[in-house]
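Here are the chains, one letter per residue:
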Amino acid sequence: MLKKRGAGVLLHISSMPSEYGVGVFDENARHFIDRIADMGFTYWQVLPFNPTDSANSPYCSPSAFAGNFLFIDPKGLLDMGLIDEETYRANIYDGTPYTADYEFAAEVRYKTLKKAFLCISEDIANDIKEFELQNDWLTDYALYMAVKEKEDFKPWWEWKSDRAHYFECVKNIFDYESEAAFWKFVQYIFYKQWHELKKYANKKGVAIIGDMPIYVAMDSVDVWSNLPMFLIDEKTLKVEKVAGVPPDYFSEDGQLWGNPIYDWKAMKKDGYSWWISRLSHALKTYDTVRIDHFRAFASYWAVPADSETAKVGEWLDGPKMNLFKRVFEVFGDDAPIIAEDLGIFGEDVVKLLADTGFPGMKVVQFAFDANSDSSHLPHNAVPNSINYVGTHDNNTILGWLWEASEDERKFALDYCHFNGGNWGEGGYYSPSCRCITEAVWQSASNVAIIALQDMCGFGSDARMNIPGVPDKNWRFRTTRDTIDNIDTDYFKHINALYRRMYPSIEKK
């Protein structure tokens, strides 16, 4: 895996067609797998599965291990006999199919799962117990969510004093037993449905590339139950510095993420056990995992907690190879990990990437400076890399062309052998989108990835995320008709022509 030439499609679960306001693990996802397999794709890349924050971002989650219950298929609950037809039909959404409605989905799915929980059989209850034994993170997560319910979902540091401290809750764990049992059920259903879908993809010869955010939210079970592992004052429960990145391609003020920062010295003392557990879980959930903001393992940008932007901060040393030597001890030297090595970086990042041997990333939109020989230009790609037409943080390629300077656009079109016509034409047969896609496909990179929006020639209104902008992100959705109208013959042709049509995993 990742060593042979292959190609993949980037599309998050939330963006899938469905009747429920957001995409779920249903037959529409299976249909998408069928379609990309028919086109010769060997990878499907998703964004993090974790529950999202108030801005619907999966990169600032209340749990590094739990799955987002919005993705649970209500029809699956009906088929299991856990809900009736009336409860099922309450999940049907009558709004636009082009925008994810997280608010509707969260409200109705929560109520649906509460009803389903009341109907579980003894066999399901036993399966949940076995699931908990196999997933040691679940006990703390279920307790955290049970207490959070009692506290009206306020942040944990605003809970009553005895509840804000993890060990006090553990001592009184039986007080939350029934509420915690519900959250164990939710995660059991989530992973049951997902693993069935993943098995289906694998049988079709499609491997799953998952995504791991490097940080967790302050309001998370990971922080609440592991305070000594973070740079947080255990008495005041306050942080002095938070995570972010300095001014870059995406934002002149930098990006102030606000996540708490790891205490790498404390983590080293216990052999990085939390990270080993996290990677183990990720590699069971996906076939390959992309670690977001990998550069922070070399050095990370620490911003004063009271700062309003990320302009002011300092670079501090990460764990470097100390962590990854431990990773290789547990998972072997060929652990299927992708390093998201984009953004501002120095020699320490270059060295860490070389020492780990992980494939890094190239994004063609970063390449088109006529006055430089960018490492992102396809001719500079090395085999041990993943080459993107665009990521979830980028504009669509058509949107980029429209917003690029005249010099950038001219260089991009010349470089990619655009043969004339209307460069601004979008749609499934967009000549400019195709020529740029083919430049990526021709590269030496073992894996090439394209977002579904770029397969369709969509403009900037279909963009998934604008980094540093808190509102109106993560909303893109597609329809079954859109997926069916993608030019199968074209993608099958370029996957074969550029020798990317080889199974990335064994078809069973």
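Here we summarise the structure given alongside this text. (Residues numbered from 1 in each chain as written. Predicted model: local features only at pLDDT ≥ 70, side-chain atom pairs only at ≥ 80, totals over all residues. Heavy atoms only, no water.)

**Observations regarding the nonpolar core**
Under the convention used in this document: We call a set of buried residues a nonpolar core when its members are Ala, Val, Leu, Ile, Met, Phe, Trp, Tyr or Cys and they connect through side-chain atoms within 4.5 Å of each other. With a 1.4 Å probe rolled over the protein chains alone, any residue whose accessible area is under 20% of its type maximum counts as buried; one over 50% counts as exposed, and the rest are partly exposed. Helix and strand definitions here come from DSSP, where helices need a minimum of 4 consecutive H or I residues and strands a minimum of 2 consecutive E residues; each element is numbered from the N-terminal end. Whether two residues are in contact is decided by their heavy atoms, any of which lying within 4.5 Å being enough.
Ranked by internal contacts, the top residues of the largest apolar core, which has 166 residues, are F41, W44, F185, W275, F297, F324 and W441. Sort the elements by how many residues they give to this core and helix α9 (residues 177–203) lands first, with twelve residues. With residues up to four places along the chain from it excluded, the contact list for F41 reads A7, G8, V9, I36, V206, W441, I450, M455, F491 and N495.

**So, the packing of aromatic side chains**
Filter applied, for reference: Stacked, edge-to-face and tilted labels apply to pairs of Phe, Tyr and Trp rings (six-membered ring for Trp) whose centres lie within 6.5 Å, assigned for plane angles under 30 degrees, over 60, and everything in between, in that order. In our convention, an over-ring charge means Lys NZ or Arg CZ found within 6 Å of a ring centre and within 35 degrees of that ring's normal.
A full pass over the atoms with the stated rule returns 59 aromatic pairs. Ring geometry for F368 versus W400: centroids 5.6 Å apart, planes at 50°, classification tilted. Taken together, the residues span a long stretch of sequence, with F368 in the loop between β10 (360–363) and β11 (385–388) and W400 in helix α15 (residues 397–403) at a distance of 32 residues. Over the ring of F182 we find K114, and its NZ or CZ is 4.1 Å from the ring centre. Over the ring of Y490 we find R434; its NZ or CZ atom is 3.8 Å from the centre of that ring.

**Some details on the environment of T288**
Checked against the element boundaries, T288 lands in strand β6 (residues 288–291). Overall, T288 belongs to the buried group, its relative accessible area being 0%. Distance from T288 to M1, taken between C-alpha atoms, is 8.2 Å for residues 287 residues apart in sequence. In this structure T288 touches M1, L2, I208, I209, G210, P336, I337 and I338, once residues within four positions along its chain are discounted.

**Some points on the packing of helix α6 (residues 137–150) against α9**
To be explicit about the condition: Angular values range over 0 to 180 degrees, each being the angle between N-to-C directions of two axes fitted as lines to C-alpha atoms, with helices fitted over their stretch in contact. Any angle that is under 35 degrees is reported as roughly parallel, and any over 145 degrees as roughly antiparallel; angles of 65 to 115 degrees are reported as roughly perpendicular and all others as oblique. If you view the pair so one helix is near and one far, a crossing is left-handed when the near helix is turned anticlockwise from the far one by less than a right angle, and right-handed when it is turned clockwise.
Here α6 crosses α9 at 125°, and the two axes come no closer than 8 Å. Classified by the angle between their axes, α6 and α9 sit oblique to one another. Relative to α9, α6 is oriented so that their crossing is right-handed. In this structure, α6 contributes W137, L138, Y141, A142, L143, M145, A146, E149 and K150 to the contact, and α9 contributes E179, A180, W183, K184, Q187 and Y191.

**Quick word on helix α12 (residues 273–285)**
Where we set the bar: The span one expects for a helix is its residue count, reduced by one, times 1.5 Å.
Taking 1.5 Å of rise per residue, 13 residues should cover 18 Å, and α12 covers 18 Å from first to last C-alpha, within 8% of that figure. Those residues of α12 that sit buried are W274, W275, I276, R278, L279, H281, A282, L283 and T285.

**What to know about the state of the cysteines**
Linking two cysteines covalently via their sulfur atoms produces the bond known as a disulfide. Rule in force here: When two cysteine sulfur atoms are found within 2.5 Å, that pair is recorded as a disulfide.
A full pass over the atoms with the stated rule returns zero disulfides. Among the cysteines around C435, which has no disulfide bond, C416 carries the closest sulfur, lying 5.0 Å off. Using a relative accessible area of 9% as the deciding quantity, one classes C435 as buried.

**Concerning the pattern of salt bridges**
Filter applied, for reference: In what follows, salt bridge is the name for a side-chain nitrogen of Lys or Arg lying within 4 Å of a carboxyl oxygen of Asp or Glu.
The final tally for this structure, using the stated rule, is 25 salt bridges. The residue E103 makes a salt bridge to R475 at a minimum N-O spacing of 3.1 Å. You can see E103 sitting in helix α4 (residues 102–117) and its partner R475 sitting in the loop between α18 (452–455) and α19 (480–485), a full 372 residues away along the chain. On the basis of relative accessible area, E103 is assigned to the partly exposed category, the value being 45%. One salt bridge in this structure joins K184 and E132, with 3.2 Å as the shortest N-O distance. Here E132 lies in helix α5 (residues 122–134) and K184 lies in helix α9, a separation of 52 residues in the sequence.

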